[in-house]
Amino acid sequence: MSVISTQIRNFKEPTREQLNYVFFSMPPPPPPKLGEEELEKMEINAVLSLGVAEGNAEDAYAGKLHLLPPYLAFTSLDRKSVRFTLPLSTIRRVERLNARAGVYALSLATWHGMKIIVQLTSLRPTADLFCSLLRNALKDQLQRGQMKNVKGFVKTCYSELLIASTSSSPENEREDGSLLDDKDGVPSEVAYHGGLGLRFKFPGDPRKLREASKIKLWTTYLRNHGRNLTLLRYPQCTRLVQVGLPNRLRGEMWETLSGSMYLRYANPGMYENLLEEIKGKTSQSFEDIEKDLHRSLPEYAGYQAEEGISALRRVLQAYSLKNPDVGYCQAMNILAAAILIFMSEEQAFWLLEVLCDRLLPGYYSPTMHGTLLDQRVFESVVAKTLPILHDHFMSVDVQLSVASLPWFLSLYINSMPMVFAFRIVDCFFCMGPKVLFQVGLAILKINGEKLLQIQDDGGFLNLMRDYFTTLGDSAHPNSTDPRAKAITNFQELLLVAFREFALITDETILAERRRFRNEIVNSLESFAKRSAVRNLHTMGRFTKNQSGLIYDALYKAICEAPPPPELATVAPPPTLLTTTDAPLDRMETRVGMRTFQVFLSEVATWARDEKIVLNGFQQRIDREIPEHELIHRLFFFWDTSCSGSLTLQDIVSGLDGVMFNDLMENIEWYFNLHDKNKDGYLTRDEVLTLSESFLFIFRHEVGDAYLGAVSRFMTNAFEYGDALLPQEENPETGEMQPKQLESNQPYLNLATFRMVVLADEILESFFEADLSGSFRLEPVPDLELPTTSGNFLGDLWQNIATADNKRIFHKFSDELGKTIGKHQIAYRPAIGRYKSLEEPKARESLLSPSQMHPQRMESPAQSVGDSAASASSVGNTSTSTLVGSSAPSQATGGSSSLTVDASAAGHAGDGSPTSAALSSAASALPAPHERAVNAARTLLERTPFAIDDVGDDDESDLDLLHGEDDDQVMDEVDAFLEENDQGLTDADKELAKDLIHAEPVK
Amino acid sequence: MADAASGSVDRSVQVKLVLLGEAAVGKSSVVLRFVSNEFQPNKEPTIGAAFLTQKCRLEDRVLRYEIWDTAGQERFHSLAPMYYRNAQAAVVVYDVTKGSSLEKAKSWVKELQRQANPNIVIALAGNKVDLVQSSSSSGNTSTSESEDEADDATATPGETPGSPNGEPESLRQVSREEAHAYATEAGLLFFETSAKTGEGIVEIFTEIAKKIPIEHILASTRGGAGRPGAQGAREGVGRQGGDVNLDENQPKGRDACNC
C-alpha cells in the first residue's frame, strides 16, 4: 500500500551552465539530436550601450555577453543592474562598427529597429571567434525559418498594441482596463492574448492603482528598451515592476520576466495538441482537479462563470498531462486561477510550467520535497537574520511553517488580499524566488514586537491573519506628515523586504538548500519508511523494527536496481481490487526480478558471492550477485498474485514464511518451493532441481560435508522414490519392478522427502536452523546521498568518491597487491557451520595447521580472478575425482586433501564416496536422468568451493612454502595468526567468525 | 458561551484538535458546521491547514477547541505531523459513500496511535449520511441543494445532482455496523454525521470533550506558564519516551546547534 520513491535522492546540483540558463530565464537546451551539430556556446566580456532613443541615453554597462544558441544574453557585472535575453531570431542585422582603432564593437538591430551596441572588450582573436560563432548561430536560425515566426508571434503581445497605437491606446479603454467600445475593440482584441480580466474586470480599483499613469510609463519604457521577446532590463524596469504592473500589461510582463514567453515562442501549437490529447482521458490528477475547480479564487467573478472554470480546468489538465510525475497538487489551482486573470490559457500553461519546474522546483511534486526544503531554508534564514524572534519561537514551540508554508506554496495569493499578492508576484517573476523569502522575513520583522508575545501556533496564525487584513491601511496613521501618512502597510512591507533583506540573494538560497537537502531527504525517507511499514497488511511474526530492516534492504535494492518504470507504481492487479476507484494512495511500488536479486543478496547469505580480498593495502569484501534458478524460483514462489512482480507486502510475507520455521516447517517449505504445480509431489526433474538448489546454497561452504550430504540425498531420494512407486510386472521377465515414470510425473511426496532429509545429519541440521538462519536482517549501511558540502573541496571529494572511482581504486590496489604478492581472495561461506576441515586425513597433510585456511593459502599467482588458474583447478579436480573414486580411502596426499576428491576420501568411512554415489544414482536412472545427474555432477565439481580456490596442485603449494618471495606472505599470515593464536581449531573458528562478521573496508 | 468563558477564564481549557481524512470527505465542512453552524459553498481549498477556534461548554467547564483542519490530498500527508503534534484530540473523517475513504481513515488512525500524543482521543466520523438516508425529504434536500453540493469543496466527484435518490441506500458503501465494529476494536469514538444537515456534528465535539483528560491538562497548565496545550503535550512526550514525535525533535535539536 505504499509507493517507494527514490526520486528525491537522485537530485543533482545544477552545473554552472544550467545555472546560467536559469539566470537568463531560458528554457533548458533540448538534448542534441543525432547527426546534428551542436552550435557552440561562448561568453565574452562586453560593454553594452543603448543610446539612440530620444536623447535620454542609458549609461553604458560592462558585463558579459553569452552566446547560448538560439539565444544571445547579456548581464552586467553585478548581475542585477542590466540584463537581456534575446532570441537570435529577433536580430535582423549585425554590423561591425567602424570606430576608433582598437575598439571592436557590434551593432545589433532587432526586428523593430532597436539598435543595441556591444563593445567586445576581450582580445581580438577571441572577439573574432565570438563573431563567427554568432554568425553561424544566426544562419542556423535563418535556415530553420525562425526569423519569419517573430512577426506572427509578437502580434499576440499586448505591448505591441501599446506601442503601435501609442497615444490613442489608453483612450479607448476605461480606467479599469476593460475596453470602452466593444464593437470596435473586439477585432483588435483577438490578436493579442489576454486573461479573464479583460471580460470580468481586474481586481482592485484602477484609479487607486493608477493604471493610466503606469501604462504611460511602461509605454515609454517599452518603446525605448524593447518589449516582449526583445526586452532589455535596465534598473528602471525593476523599479517600475516594484511599484506594481498595470493590469492589462501584467500577464505579458510576467511571461517576459519569467521567461515562459520563450517556451511559448519555441513550442507553438503544443498547448492545443495537449488539449486534443486530454479528450476522453481520465486520471487521478483530473479527479483531484475537478474537486478544486470551484474553490479557486471563488470570489472572483470569472470563476463564478463556466468560462473561467473551464479555462482553469484545461490549463491544469494540460499541465498534469505533460508532467505526469507532478500531476496536480492543491495550491496549483490557486496559482493557475490567479494567472488566468491576466493571461490567456496558453500563456498560463507555459507560466505554470516555468513556475513548477524552474522557479519553485519540487514544490508541487508528490513528496513536496521542494516545499519542505524551502521551509527549512526559511527557518534557517530567520534564525540568522531575526535571532531573537527565532529563539522565542523555539522557546514556545511554535513552528514557523504552520504560517509560512502556504505563503510559499501559493505565492501569498491565498494569504493576502489579491491586489497586494499580485504585486509580490510581480516582483517574484522579475527578481526570482528570493522575493518570497525577503517578503516573509519582512512580515516577521514588522510584526516582531507582537510576535514576541505569542504563545502558540494558533496565536501566531491569528496574528498573521490580522496583519494581512491591514495591508492597505496607513503604516503611520498618527503621523502629521501627510506623505508619511500615505504610506501603506504594504508599501512598508516591500520597503523592508527589499532594503533590509537585500542580503538574501539567490546564492544564499542555493547554498542553504544545499545545506539542508540531505536532512530533508532523510526525514522524508524515514517518513516514507514508517508509513510503508505501518501500512503493511500484516507483518507476520516480524517486529516493527525487523519490518523496517526489510524495507531498508528493499529500498537499497531499488536504489541500486530501479524497477522498470512500468512496474514502479502500477495499481494492483484488478483481482485484488475491492473498490473500483483506485486513487494514488492505492498505488504501490512493485519490484521486478533484477531488484529482487539485489534485495535477496542483502538478506540471504547464500544469494550473494562475497569475495574477501586482501591485497596488502586493504581488506575488503567484493559482493557479486549470482544468477541461479533458485532465486528466480523464490521470486515466483513469493509472487502470490502472479503478477510477475513483488510488493513490500509480498516480500515480508515471503520472509515470514521461512525465517521463523522449525525443522519440519523448513523441510516442508523447501519441498513446496520446488513443487511447482503444488500437487504435493515432486517430479524426478524437480528432485534434481532441488538438489541443484542445495548445491547452490552450499557452494561456498568450507569442507566437503555438504557435498557428501547432497550426493547421499540424491541416492536416497531416488532409491526410496523408486521403491515407493507402484510395482508392475515386467512383461519380459515376469518380475515385479517399479513402473517407469516420465520425468515430469509425480514422483516424490513430502513424507518421503522428509524421511530422506532426516536420514542425514547434515541436512537435518541445515533445516533445523541454518536455512532460517541464512536469512539475516541486518541494518543496511547508510546509502550515499547527493553532495552535502557546497564548498570546492567537498565537491572535489564527491567527484573522487563515486562508486566507479572506488572500483578503479580497488582494481588498482589489487594489481599493486598482485605485483607485490599480497593479493588474496576467499569466498565467505553462506552458512559457515563447518569452520574447518574436520577430516583427520587432511590434518596429516604436509601443510602446517596454520596454512589450512583458504584465504591465507591464496598464493599470489593463484588468484581466483585469474581465469587460467581456476580453469586448471577445475581440471585438476575432475581428474582427481576419477582417481578418488577408485581409491576412496587413500589419501591423495599433500595439499590435494583440500580439493574435492580428498573430500570424497574423507567420507569414505561413512558410506559411498561422492562420485561413486553420483554414478550409482545415475546408473539407476533412465538416460535423461543420467544426463541430468551428470550435469549436476559437473556443477558440483565446478562449484567454486572455497577450497578449490586454495589448492591448485602440490607444486605451487610447495612453491608457496619454499619460495623466497613468499616468505613475506607467510610472515604476514603468521603475524595474523598470532593474534588469534589459540591452536588450530580455535584459530580457525575465530577466523571463520571474523570472516562472517567482516565489514568491507572503505 | 463567550460570556461564560470570560467569566471563568481559569476554567477554560485549551484543547488542540486535528481533522484528518481523505480528500473530499468533508473535513472542512464538518469544522465549518461546528464553528459557525453553516454550510458554506466555495471555500478555498486547505493549503497545509486551516486554523479555527470554537468554545464548547461541558458541565461547569469551558473547552476552547483549537481546530486544525488539514489538507486531504495525499501528497500533503508528509506535512500532517506538523499539525497533529501535541494534539489532544483528532477527528478522522471518512465518506460513507466511498469505501476507500474508510481505508484511508484506518491508516490515519494507525498513524495517530503510533506517532501522535499517546493520550490522544480519536473520533471516527462517517460523513455525508444525508446522501444515504432513505427518507424522501433528505432526498429532496440533496436535489434542491445540489448547487451547494457541487460547489462544496467536499462534493463527491462524479456525482450528478440527478443521481438516483430513489434508492439512496445504494450510495452507501460503508455500513454503519462495519465502521462501528472497527471503531470499537480500535478504541475510537464513533459517529455518523452530516455537515450539510448538522447531524451528529456537535455530538462529536461534546463526546470528545467528555473523554479528554481535562484534569490532566489543567494540572499541566498550572505547572506551565499558561501554555495549556503545548505544555501538557510536551510533558506527555517527555514521559512517554523518545518514540513520539521523534522527527519533530530532531531538527529542533540541530537548530539549536546552528544558531
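Residues numbered from 1 in each chain as written. Chains lettered and ligands numbered in written order. Predicted model: local features only at pLDDT ≥ 70, side-chain atom pairs only at ≥ 80, totals over all residues.

Check the secondary structure of chain A and you find 47 helices and 17 strands. Across the 1002 residues that make up chain A, the buried fraction comes to 44%. Residue pairs at least 24 apart in sequence account for 70% of intrachain contacts in chain A once pairs closer than 6 positions are excluded. (Helix = DSSP H or I, 4+ residues; strand = E, 2+ residues; numbered from the N terminus. Buried ≥ 20, exposed ≤ 12 C-beta atoms within 10 Å, placed from the backbone. Contact = placed C-beta atoms within 7 Å.)

On to the overall build of chain B. Helix and strand counts for chain B come out as 11 helices and 6 strands. Within chain B, residue pairs in contact and separated by at least 24 positions form 72% of the contacts whose partners lie at least 6 positions apart.

Our next topic: the domain arrangement of chain A. For an interface, size is often stated in terms of accessible area lost upon the parts coming together. For chain A, the assigned domains are domain 1 (39–153), domain 2 (259–359), domain 3 (369–504), domain 4 (520–773) and domain 5 (844–997). For domain 3 of chain A versus domain 4 of chain A, the separation of C-alpha centres amounts to 59 Å. (Domains from an automatic or database assignment.)

By the element assignment, Leu63(B) lies in strand β3 (residues 61–70). When neighbours within four sequence positions are excluded, Leu63(B) is seen to be in contact with Val13(B), Val15(B), Lys55(B), Cys56(B), Leu58(B) and Ala209(B).

The next thing to look at is the sheet that holds strand β6 (residues 189–192) of chain B. Residue and element names in this part refer to chain B. With respect to topology, 6 strands assemble into an open sheet ordered β2-β3-β1-β4-β5-β6, the strand pairing being mixed. The sheet is open, and its two edges are formed by β2 (49–58) and β6, each paired on a single side. The average undirected angle you get between the axes of adjacent strands in this sheet is 25°. Bridge count between strand β4 (residues 89–95) and strand β5 (residues 121–127): 7 bridges; the pairing is parallel. From the neighbouring strand, Ala90 faces β5, where its bridge partner is Ile122. Of the strands in this sheet, β1 (12–21), β2, β3, β4 and β5 are in contact with helix α2 (residues 27–36), which crosses β2 at around 40°. (Pairing = 2+ DSSP bridges. Axes fitted to C-alpha atoms, helices over the stretch in contact; angles between N-to-C directions.)

Our focus in this paragraph is the packing of helix α12 (residues 284–292) of chain A against helix α13 (residues 306–322) of chain A. All names here are of chain A. It is at 10 Å that the axes of α12 and α13 come closest, and there the two elements cross at 155°. Our classification of the angle between α12 and α13 gives roughly antiparallel. You can see that α12 and α13 cross each other, and the crossing is right-handed. Here Ser285, Phe286 and Ile289 of α12 lie close against α13, whose contacting residues are Arg313, Leu316, Gln317 and Ser320. Looking at the contact of α12 with α13, its residues break down into 3 nonpolar, 3 polar and 1 charged. (Parallel < 35°, antiparallel > 145°, perpendicular 65-115°, else oblique. Left-handed = near helix turned anticlockwise from the far one by under 90°. Nonpolar A, V, L, I, M, F, W, Y, C, P; charged D, E, K, R; others polar.)

Residue and element names in this part refer to chain B. As paired strands, β2 and β3 are joined by 10 bridges and run antiparallel to one another. Opposite Gln54, over in β3, you have Tyr65 as the bridge partner. Hairpin connection of β2 to β3: 2 residues between the antiparallel strands, including Glu59 at a positive phi of 50°.

Turning next to the sheet that holds strand β1 (residues 42–49) of chain A. Residues and elements named next belong to chain A. A sheet is described by the order of its strands in space; here 8 strands give the open sequence β5-β6-β7-β1-β2-β3-β4-β8, paired in antiparallel fashion. Each edge of the open sheet is held by one strand with a lone partner, namely β5 (91–96) and β8 (232–233). One ladder, built from 6 bridges, connects strand β2 (residues 61–68) with strand β3 (residues 71–76); its direction is antiparallel. In the sheet register, Leu68 faces β3, and the bridge partner there is Tyr71. Contacts from helix α2 (residues 124–143) reach β1, β2, β5 and β7 (115–120), with the element oriented near 95° to β1.

Another point: the UniProt feature "domain: EF-hand" (unreviewed entry) in chain A. UniProt records the feature "domain: EF-hand" (unreviewed entry) at residues 662–697 of chain A, using the numbering of this structure. Annotated as 72% helix and 8% strand, the span residues 662–697 of chain A places its first and last C-alpha atoms 19 Å apart. (UniProt positions renumbered as here; feature names shortened; annotations may be inferred.)

Within the largest apolar cluster, 209 residues are counted, with the highest numbers of intra-cluster contacts made by Val315(A), Leu335(A), Ala336(A), Leu340(A) and Ala90(B). One finds Phe698(A), Ala705(A), Leu707(A) and Ala830(A) within the second-largest nonpolar core, a separate group that totals 66 residues. (Core = buried A, V, L, I, M, F, W, Y, C linked by C-beta atoms within 7 Å.)

In this section: unusual backbone geometry. With an omega of 0°, the peptide bond between Pro69(A) and Pro70(A) qualifies as cis. Relative to the helices and strands, Pro70(A) resides in the loop between β2 and β3. Even without a glycine there, the phi angle at Tyr412(A) is positive, about 65°. Take Tyr412(A): it is sitting in the loop between α18 (401–409) and α19 (418–431). Residue classification places Tyr412(A) among the buried positions, given that 25 C-beta atoms sit within 10 Å. We note that Asn37(B) has phi near 50°; this positive angle belongs to a residue other than glycine. Inspection of the secondary structure assignment puts Asn37(B) in the loop between α2 and β2.

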